[in-house]
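Summary of structural features
Below, each chain spelled out in residue letters.
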Amino acid sequence: TTSIVYGMQNRAVQGMLDFDFMCKRKKPSVEAMVFPFSGNHYVKFYWGTEEILMPVYTTTKEAVAKHPNVSVFINFASFRSVYETSMEAMGYPSIKTLGIIAEGVPEQQTRELIKTAEAKGVGMIGPATVGGIKPGCLRIGNTGGMLDNIVMSRLYRPGSVAYVSKSGGMSNELNNIVCRNSNGVYEGVAIGGDRYPGSRFLDHFLRYQDDSGAKMLLLLGEVGGTDEYDLIDAVKSGRITKPIVAWCVGTCASCFATEVQFGHAGAQARGDMETAAAKNKAMKEAGFHVPDSFDKLPEMIAKVYAQLVEEGVVVETPEGETPQVPMDYTWAKKLGMVRKPANFISSIADDRGEELKYCGVTISEVFAQEMGIGGVLSLLWFRRQLPRACTKFIEMILMVTADHGPAVSGAHNTIVTARAGKDLVSALCSGLLTIGPRFGGALDDAAKMFAAAHDSGVSAKDFIEKMKKTNQLIMGIGHRIKSLANPDQRVVIIKEYAKKHFKSTPTLDFALEVEQLTTRKRANLILNVDGCIAVAFVDMIRSCGAFSREECDDLMSFGCLNGLFVLGRSIGFIGHYLDQLRLKQPLYRHPWDDITYIQELAGN
């Protein structure tokens, strides 16, 4: 027997497949799923330890056509659409059993569904059911509960007790009770607690009577309805001869002054005959094995079962080895049974709770404290909530590095890419890939170079001589057009802010001493904006009190300064991209007169 499941009930389907595997079925009991709100696709499930693909169709018609051997339709649609989808399913001759899980189905629609099912010879379980189970064969929906309960109740192999229950939740309890007091469940069905269930007690007990595997029958009814009396008549007429243990829950209703509506729609007595006490009394008089109370039910089951064993009706066999089914990692971890190292570790952000957190600070607190982009950057980059003077300095870096006109290599590349019709991300990447030692990428090297020189105690003059002898450029020194007489205002802004707000600026002071000597050689060998940002940043992280000296050195080695340039300059690159689109600029082609074409190299 195989089925089609209507609705994206992945957990229920995986539970059915795990049950199948445990029962040693050759193939899964679910052949396909139907979900009308997405295109045809496949969903991955486990079959034991292997992964399989389950087809998902948008229509029941296509699913039935492509899987003609399916005879069970398990409908997880809501009460709003379950009527239409169930009526359609029953219109296909191959469908012989219909399970309706939804609660709250209008009674008029339920009665029409029942009428159609009877006319077409379709067995119907529900509405408002958890499903049914035939141990060792088939599980409908979530019947039987989690995998550990399946194992504990030994539902992976058939027993001798066949039951019918109104309640789905209580059917799981019955599985456990039967397992503890007999050789287990042969078949179990929860018909649902609505006033008009799709199948009645009698329907299933007649099947059990004719099934040689069911040796003992069990009924768990409830207050409300008269279906139990039909079963009583069948016993009195001799149609059902197998022993029946029965109980109707709801005997406490007599303790109330008025009739009580219990949880199920049909769980309310509409006359004396429908009370639980009256039905229990009638069943006992008809020869049913009825305990004095529900807590005596296990004892009664054990007593009747022992009698059947003694009479030779039930032949007990040794219990085989419990089959093993791999447990899902997520569930095993929840139970504390397994552990494994994570593939990723993150210490800066957490999106698992009620509110996003940046390094432990909730997003609402970020705005409440008006941290700004500098504060957010300090949390995500440095894992510190830096003082306001420091976060403002970070924002200043982003502002002064945002752009330097269209002529520099990064902006030029971005513009050319934009004019080639590429998207924003491609144009931005084209510009960012030019950042390096010759363009914008000197901040980290300048910070390391000046910090190391100052820390060594060398004088500015000796530092310059050393760099000259080793033929090294001093990173952060030099500008194409600016000089001491014509200073770069970006440098002025950064320098003045650092002097005013940082506790000390020894690295900046050392760099300025170097500048005084280099400008004697050439006027434009000034401390440029890259160098000024670099040395001021070193002084900021060393003097703010948030980092140890080792942590400061690590930050410089990690490339965070170049990261600030990349972040800031991205603002400008995106601006150039948008500007080109706004101006509707055509494809760029470099003019011939700006290219020197050489046919032969000199000396060849």
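Notes on the overall build of the protein chain
Looking only at helices and strands, one finds 23 helices and 16 strands in the protein chain. Here the C-alpha radius of gyration of the protein chain, 40 Å, is well above what a compact globule of 604 residues would show, namely 25 Å. Overall, the protein chain is about 120 × 55 × 50 Å in size when its C-alpha atoms are taken along their principal axes. Sequence-distant contacts in the protein chain: of pairs separated by 6 or more residues, those separated by 24 or more amount to 71%.

Some details on the sheet that holds strand β11 (residues 185-190)
As summarised here, the arrangement of the six strands in space is β9-β8-β11-β10-β12-β13, forming an open sheet in which the pairing is mixed. Looking at the sheet topology across the chains shown, the edges are occupied by β9 (138-139) and β13 (244-249). For strand β10 (residues 161-165) and β11, the ladder comprises five bridges, and the chain directions are parallel. Within β11, the position partnered with Ala162 by the bridge is Glu187. The sheet strands contacting helix α9 (residues 276-285) are β12 (216-222) and β13, and the helix crosses β13 at an angle near 165°.

A closer look at the confidence of the model for the protein chain
On average, residues of the protein chain score 92 in pLDDT, and 97% of them reach the 70 mark or higher. Here helix α11 (residues 329-334) stands out as the least confident element of the protein chain, with mean pLDDT 78; strand β1 (residues 3-6) is the most confident, with 98.

Re helix α23 (residues 560-582)
What sets the pattern is the α-helix's 3.6 residues per turn: residues three or four places apart point alike. Compared with the 33 Å implied by 1.5 Å per residue over 23 residues, the 33 Å span of α23 between its first and last C-alpha is a close match. The axis of α23 is deflected most strongly, by about 25°, at Ser570. Downstream of α23 by one or two residues, Lys584 has phi in the positive range, about 55°.

With respect to the pairing of β12
For β12, the tally of buried residues reaches seven of seven residues, placing the bulk of the element in the interior. Of the two faces of β12, the one holding Met216, Leu218, Leu220 and Glu222 and the one holding Leu217, Leu219 and Gly221 are both buried throughout. In terms of strand pairing, β10 meets β12 through five bridges, oriented parallel. By the bridge assignment for β12, Tyr163 is matched with Leu218.

Some words on the packing of aromatic side chains
For the structure on display, the rule yields 14 aromatic pairs. Note on Trp381 and Phe382: the rings are 6.4 Å apart at their centroids and 85° apart in plane angle, and the pair reads as edge-to-face. Every member of this aromatic cluster is reached through a ring pair, and the members are Trp381, Phe382, Phe537 and Phe547. In this arrangement the basic side chain of Arg111 is found over the ring face of Tyr196, its NZ or CZ atom lying 4.9 Å from the centre.

Structural notes on the packing of helix α15 (residues 409-419) against α23
Relative to each other, α15 and α23 sit at 35°, their axes nearing to 9 Å. Relative to α23, α15 is oriented so that their crossing is right-handed. Contacts between α15 and α23 involve Gly410, Ala411, Thr414, Ile415, Ala418 and Arg419 on the former and, on the latter, Phe573, His576, Tyr577, Gln580 and Leu581. Taken together, the residues that form the contact of α15 with α23 break down as six nonpolar, four polar and one charged.

Notes on the sheet that holds strand β16 (residues 361-362)
The strand order β14-β15-β16 describes an open sheet built from three strands, whose pairing is antiparallel. The open sheet has two edge strands, β14 (349-350) and β16, and neither has a second partner. Note: β14 against strand β15 (residues 357-358), two bridges, orientation antiparallel. Bridging across to β15, Ala349 finds its partner in Tyr358.

Observations concerning the environment of Ile394
Within the element layout of this structure, Ile394 appears in helix α14 (residues 388-400). Exposure remark for Ile394: the relative accessible area of 0% places this residue in the buried category. Taking the C-alpha atoms as reference points, Ile394 and Met87, separated by 307 residues in sequence, lie 66 Å from one another. Look past the residues within four positions of Ile394 in its chain and what remains in contact with it is Gly374, Leu377, Phe382, Leu386 and Leu564.

Focus: the pairing of strand β8 (residues 131-134)
Judged from the three bridges that link them, β8 and β11 form a sheet pairing that is antiparallel. The residue bridging Ile133 from the neighbouring strand is Gly188, located in β11. The sheet contact formed by β8 and β9 spans two bridges and is antiparallel. Following the sheet pairing, Lys134 is matched in β9 by Leu138. Linking two consecutive strands that pair antiparallel, namely β8 and β9, is a turn of three residues; a positive phi of about 85° is found at Gly136 within it.

Side note on helix α1 (residues 10-22)
Under the 1.5 Å per step criterion, the end-to-end length of α1 is 18 Å for 13 residues, consistent within 8% with the ideal 18 Å. A large share of α1 lies buried, amounting to ten of its 13 residues. Taken from the residues just after α1, Lys24 is the one with a positive phi, measuring 65°.

What about a nonpolar patch on the surface?
Judged by side-chain polarity, Met327, Tyr329, Leu335, Met337 and Val338 come together as a nonpolar surface patch covering roughly 440 Å² of accessible area. For Val338, the position within the fold is in the loop between α11 and β14. Relative accessible area serves as the criterion here: at 37%, Val338 is assigned to the partly exposed category.

Calculation criteria
Residues numbered from 1 in each chain as written. Predicted model: local features only at pLDDT ≥ 70, side-chain atom pairs only at ≥ 80, totals over all residues. Heavy atoms only, no water. Helix = DSSP H or I, 4+ residues; strand = E, 2+ residues; numbered from the N terminus. Rg over C-alpha atoms; globule rule 2.2 N^0.38 Å. Contact = heavy atoms within 4.5 Å. Pairing = 2+ DSSP bridges. Axes fitted to C-alpha atoms, helices over the stretch in contact; angles between N-to-C directions. pLDDT = per-residue confidence, 0-100. Expected span 1.5 Å × (residues − 1). Bend = angle between axes of the 7 residues up to and from the residue. Buried < 20%, exposed > 50% of the residue type's maximum accessible area, 1.4 Å probe, protein only. Phe/Tyr/Trp six-rings, centres within 6.5 Å; stacked < 30°, edge-to-face > 60°. Lys NZ or Arg CZ within 6 Å of the ring centre and 35° of its normal. Left-handed = near helix turned anticlockwise from the far one by under 90°. Nonpolar A, V, L, I, M, F, W, Y, C, P; charged D, E, K, R; others polar. Patch = residues over 30% accessible without salt bridge, like charges linked within 9 Å, V, L, I, M, F, W, Y side chains within 5 Å. Areas by Shrake-Rupley, 256 points an atom, 1.4 Å probe, with all protein chains shown as cover. Salt bridge = Lys/Arg side-chain N within 4 Å of Asp/Glu carboxyl O.

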